[in-house]
Amino acid sequence: MDTANASVSDVELTEHRAVSDRLVAQRGPFTGTSPIVNDDLYAVVKRGGSTRTRFALHLHAGATVHTNTFFGRFPASYWQRWTTAAEVTATARIDAADHCRAQLLASDIGGHRRIIAAEVITGSGTVTLTAKLDKFADGGALWLQFDALEGGVTVADIEWTVASPETVRPVAIAICTFNRADDCANTVAALASDERVLSSLDAVYVVDQGTDPVETRELFQQVAPKFGDRLHYLRQANLGGAGGFSRGLYEASAAGPHADVLLMDDDVLCEPESVLRLSAFANMTTDPALIGAQMLFLYNPNYLLASGERADLTTLRRGLPTDKYGVRNSNVLKKLPERRIDAEYNGWWSCLIPAEVVRQIGMPLPVFFQWDDVEYSLRAGRAGIPTITLPSTGVWHADFYWKDVDGFAHYFSTRNGLITAALDPGFAPTSLAKQLSREISHSIVSLQYGLAHTQLRAIEGFLEGPNALADGGQAALAMINKERTRFPETITRPVSELPAGVRFRRADPPPKAGWDDLVLAKRAAAHLRGRLERGPVAISYEDARWWHVGRFDHVYVTDASQAGVRERKYDRELAAEMGGRLAGVMKRFRAEAPTVAEAFRAEMPTLTSRENWTRLYEQMNQASS
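Residues numbered from 1 in each chain as written. Predicted model: local features only at pLDDT ≥ 70, side-chain atom pairs only at ≥ 80, totals over all residues. Heavy atoms only, no water.

**Description of the overall build of the chain**
To keep things clear, this is the line we draw: Each helix is a run of H or I in the DSSP string that is no shorter than four residues. Each strand is a run of E no shorter than two, and both are numbered from the N terminus. Only C-alpha atoms enter the radius of gyration; for comparison, a globular chain is expected to reach 2.2 Å times N to the power 0.38, where N is the number of residues. Working definition: with a 1.4 Å probe on protein chains only, accessible area under 20% of the residue-type maximum means buried, over 50% means exposed, and in between means partly exposed. Any two residues having at least one pair of non-hydrogen atoms within 4.5 Å are treated as being in contact.
The number of helices and strands found in the chain is 16 helices and 27 strands. Taken over the C-alpha trace, the chain has a radius of gyration of 26 Å; the compact-globule value for 625 residues is 25 Å, and the two agree within 12%. Along the first, second and third principal axes, the C-alpha atoms of the chain reach 85 × 55 × 45 Å. For the chain, with 625 residues in total, the buried portion stands at 59%. In the chain, 79% of the contacts between residues at least 6 apart in sequence involve partners at least 24 apart.

Structure follows, in structure tokens:
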């Protein structure tokens, strides 16, 4: 294991000659690597008894198992659309006491099923079933089914293979971490737990930007030797997710001209099989593409976030569905996506970036964090490079709705969203001004003066132009954290601090369609006059909508984390201050935004250059030494 603060670019990553004429596109696990994961995400035993291990399953006589599951099916539609593969072959090792029937089945965009191939096996051997990838243009997948006809059957070592390219690209993993040492150690250990995946990795970069080093964890120390000299543990000052992930891209691109880099969050529950599948898919695409794994909910492990996501740059909304028929926030044990969905971006909880993409469009923006993944995919899209969110690959990440919007991160979310919007040819400052004015007004009437301040400072940060990114976000981070201490409602307090006898008030019905701005004006007028209902009252997080909270002068609102409450109090002076600042900042934004956008576009080659990141890394190293 290399431990370093400086570059490790003396490492060389080169293409490999294919070791076989078949490339393993995916394997067939029967169970996950964590006890929280439902086995039915891998294979479903429809009837009869069974026992299973990671890559083998024993069926009792009369039992049936199929792999038409999230991790069990082969995403045929995506392989037909995006790769050079003309067919796929599924193999499995069978040990049957009597007879075993093996079937290769397929679906289409509507979920209609058809049998592609079938075979009855007697005794022990390997079954081989092949399907052409020529009838899945709009959707559909492939999967296997095994029936133990008259005696017990063991099914093991399922592999889906395609004709191999002449050379296989090196793949590196870059994990960015900040004071999540235990989580990061668990992620590294998950990668080390799978010998096949471990042997496929050319490098792993653990970029540690925290004050609680991952290298101090016993688990990390135990698994590190398994990687040998391929594990590079890098310590650097905190440059956020953008700086941490970019460090992995920076090192890998210096180590070889053809390396694929898989960016991975430190706090995911990692399914190692996804690494193999993403890498295989990347080796077979007709042209370079960003290839992302899907996100499953960590606290609800059967739920899929989305089939594919997009952003609306006129409202700064991310996480929007790209297709109304795509699966979103759904239990994939009950419904699997069939339609092929084109994504606009993929989150960097797990996303593969080929070296050609970095050479063509540059490095990520030094925006600290928030929107860096969206901006990079949109920039790639404008250059003709697609983003593909690949089904049957996934990691589990903490559910987003457990995070409260009122935090320092909202500064970067708003500022970086504006930067991303400004870089797009369809930049619409007038529409954005209306949207931002409305959102900040919502914060003010919701007694969230700290959040309103954070949003206003973010707009001002955008108006500073490209120079605001000169230090990678250090000054902005320190500034917003310090300034938010002025506002007591930004602090989460223990639930035990709720006064005895405080009343819970359920939410009013939302405003009628088209009446939002009228209701907002009414709430703002009431705040201006101080004519609010007397509190304190308690309001649950789900009920804490602006039109409801805005009725009261003193409320305790449950934090999204459910770890405590936020105490919000009406303050006439703060309300007036925020209202006045809102008018002034939005006047500036309307006047200056087009010029600022031009400045960002002009500076993009410099901001996203390798030289700029070299300067930032050297600057941070000097500051910390």
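Next comes the rest of the account.
**Structural notes on the packing of aromatic side chains**
Our working definition: Here is the rule: rings of Phe, Tyr and Trp (six-membered ring for Trp) pair when centre to centre is within 6.5 Å. Planes less than 30 degrees apart are stacked, more than 60 are edge-to-face, and the remainder are tilted. Any Lys NZ or Arg CZ that is within 6 Å of a ring centre and within 35 degrees of that ring's normal is treated as a charge sitting over the ring.
This structure, assessed with the given rule, holds 23 aromatic pairs. A centroid spacing of 5.3 Å and a plane angle of 75 degrees characterise the contact between tyrosine 250 and tyrosine 617, whose relative ring orientation is edge-to-face. Of the two residues, tyrosine 250 sits in helix α5 (residues 240-255) while tyrosine 617 sits in helix α16 (residues 610-624), which places them 367 residues apart along the sequence. The pair formed by tyrosine 250 and tyrosine 617 is uniform in burial state, with each residue classed as buried. Counting every residue linked through ring pairs, the aromatic cluster contains Phe368, Phe369, Phe408, Tyr411 and Phe412. The residue whose ring lies beneath arginine 81 is tryptophan 82, and the NZ or CZ to ring-centre distance is 3.7 Å. Residue placement shows arginine 247 over the ring face of tyrosine 617; its charged tip is 5.2 Å from the ring centre.

**Digging into the layout of surface pockets**
Under the convention used in this document: Using a grid of 1 Å spacing that covers the protein atoms alone, one calls a set of points a cavity when a 1.4 Å probe fits there but cannot get out, and a pocket when the set is open and has protein on both sides within 12 Å along at least five of seven lines; lining residues are those with an atom within 4 Å of a point. Grid points are joined across faces, edges and corners, and a volume is the space filled by probe spheres set on the points. Any residue that is not Ala, Val, Leu, Ile, Met, Phe, Trp, Tyr, Cys, Pro, Asp, Glu, Lys or Arg is counted as polar, Gly included; the first ten are nonpolar and the last four charged.
Of the pockets and cavities examined, the second largest pocket occupies roughly 490 Å³. If you go around the second largest pocket, you meet 22 residues; those closest to its centre are Val19, Leu23, Val168, Arg196 and Ser200. Secondary-structure elements contributing two or more residues to the lining of the second largest pocket are β2 (16-17), β3 (22-27), α3 (195-200) and α6 (272-284). Partitioned by chemical class, the residues of the lining of the second largest pocket number 10 nonpolar, seven polar and five charged.

**A word on unusual backbone geometry**
With omega at 5 degrees, the peptide bond leading from glycine 535 into proline 536 counts as cis. Along the chain, proline 536 falls in the loop between α13 (516-529) and β25 (537-539). One non-glycine residue, asparagine 329, lies in the positive phi region at around 50 degrees. Relative to the helices and strands, asparagine 329 resides in strand β21 (residues 328-331).

**Comments concerning the nonpolar core**
As a reminder of what qualifies: In these notes, a set of buried Ala, Val, Leu, Ile, Met, Phe, Trp, Tyr and Cys residues joined through side-chain atoms within 4.5 Å is what counts as a nonpolar core.
Within the largest apolar cluster, 87 residues are counted, with the highest numbers of intra-cluster contacts made by Ile94, Leu142 and Phe146. With nine residues, strand β8 (residues 87-107) is the largest single contributor of residues to this core. For phenylalanine 146, the contacting residues outside a window of four places in its chain are Leu59, Ala63, Thr64, Val65, Ala92, Ile94, Cys100, Arg101, Ala102, Val127, Val155 and Ile158. Grouped together as the second largest cluster of nonpolar side chains are 53 residues, Val374, Ala421, Ala422 and Phe600 included.

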